Amino acid sequence: LTEVKVFNRGCVQPPSNLATSATASASYTSSWERVDAINDGIEPPASNDTVNPRWGTWPESGQQWAELTWPSAKTVDKAEVYFFDDDQGIDMPASWKLQYWNGSAYVDVPGASGYPLAKNQYNTVTFTATNTTRLRVQLTSNGTNSVGLLEAKVYGP
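Keep in mind that what you see is a predicted model, and the values were worked out from it rather than measured.

Conventions used here
- Residues numbered from 1 in each chain as written.
- Predicted model: local features only at pLDDT ≥ 70, side-chain atom pairs only at ≥ 80, totals over all residues.
- Heavy atoms only, no water.
- Helix = DSSP H or I, 4+ residues; strand = E, 2+ residues; numbered from the N terminus.
- Contact = heavy atoms within 4.5 Å.
- Areas by Shrake-Rupley, 256 points an atom, 1.4 Å probe, with all protein chains shown as cover.
- Lys, Arg positive; Asp, Glu negative; His and termini not counted.
- Charge placed at Lys NZ, Arg CZ, Asp CG, Glu CD.
- Pairing = 2+ DSSP bridges.
- Buried < 20%, exposed > 50% of the residue type's maximum accessible area, 1.4 Å probe, protein only.
- Polar contact = N/O pair within 3.5 Å; in protein donor to acceptor, adjacent residues only side chain to side chain.

Caption draft 1: Region of the structure containing the overall build of the chain. The secondary structure content of the chain amounts to zero helices and seven strands. Mapped in sequence order, the helices and strands of the chain form the string β-β-β-β-β-β-β. Principal axes of the C-alpha set define a box for the chain whose edges measure 70 × 40 × 25 Å. Partitioning the contacts of the chain with sequence separation of at least 6, the portion at a separation of at least 24 is 76%. With an accessible surface of roughly 8,100 Å², the chain has 50% of that area assigned to carbon and sulfur atoms. Positive and negative side-chain charges of the chain, numbering 11 and 16 respectively, have mean locations separated by a distance of 8 Å.

Here you go:
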C-alpha cells in the first residue's frame, strides 16, 4: 500500500510577499525606530503597536517616504500598507501614494485602484503590473503630526 500525500489540493499557492527580499530605506527615521521594520514580516496587532519594531518619522512632518529596493527588477502589481498611529505625535497620513523608480525618476504607479486610509488593518492598492527595482510609499502628513508604517507587503502578478 502506497501512501500518497496531497498538499494544497486544488488551490493555487498564495503569492509570495516580495517585500521581505528588499532593502528598506526612508526619508527620515526617528532614532528609536527602525526602517527595516516595514518589511520584517511581523504582523501588526493594531495601528498603535508599541511592542514590535516600527518605522516612524517623529518629529518630522510634511511629505515622508519609505522605500523598498531589490537587487534585481521585480514585476509588481499590488501593495498592502499598515499605518503606524500611536496618538502621541504619529498619526494617520492625510494621503499616501505608491511610486516606482522608472530608471531615472520616481513616478506614480499606473492605474492605482485608490489609496484607502484605514487604521488597524492593511490598506490594499492594486495597479498595472510594473517592472522596477524600487517601490516607494509616499506619505503626506496631516500638517502637524508625523507619519509611520508598521508593515508593507508587495506582490507580483
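So much for the structure itself; the text now carries on.
Caption draft 2: Expanded view of the pairing of strand β3 (residues 63-83). Relative to β3, strand β1 (residues 23-26) runs antiparallel, the two sharing four bridges. Bridging from a neighbouring strand, Thr 23 pairs with Thr 69 of β3. Relative to strand β6 (residues 123-140), β3 is paired through 14 bridges, and the arrangement is antiparallel. Bridging across to β6, Ala 66 finds its partner in Val 137.

Caption draft 3: Quick look at the environment of Gly 111. Within the secondary structure, Gly 111 sits in the loop between β5 (106-108) and β6. A relative accessible area of 59% places Gly 111 in the exposed class. In the structure, Gly 111 is positioned 78 residues away from Glu 33 in sequence and 32 Å away in space, judged by C-alpha atoms. Each residue touching Gly 111, except ones within four places of it in the same chain, is listed here: Thr 126, Phe 127 and Thr 128.

Caption draft 4: Spatial organisation of the side chain of Gln 138. Secondary-structure assignment places Gln 138 in strand β6. Side chain to side chain, Gln 138 and Gln 63 meet in a polar contact 3.2 Å long. With sequence-adjacent residues up to four places away left out, Gln 138 is seen in contact with Gln 63, Gln 64, Trp 65, Ser 95, Trp 96, Lys 97 and Gln 99.

Nothing here speaks to function; it is all geometry.
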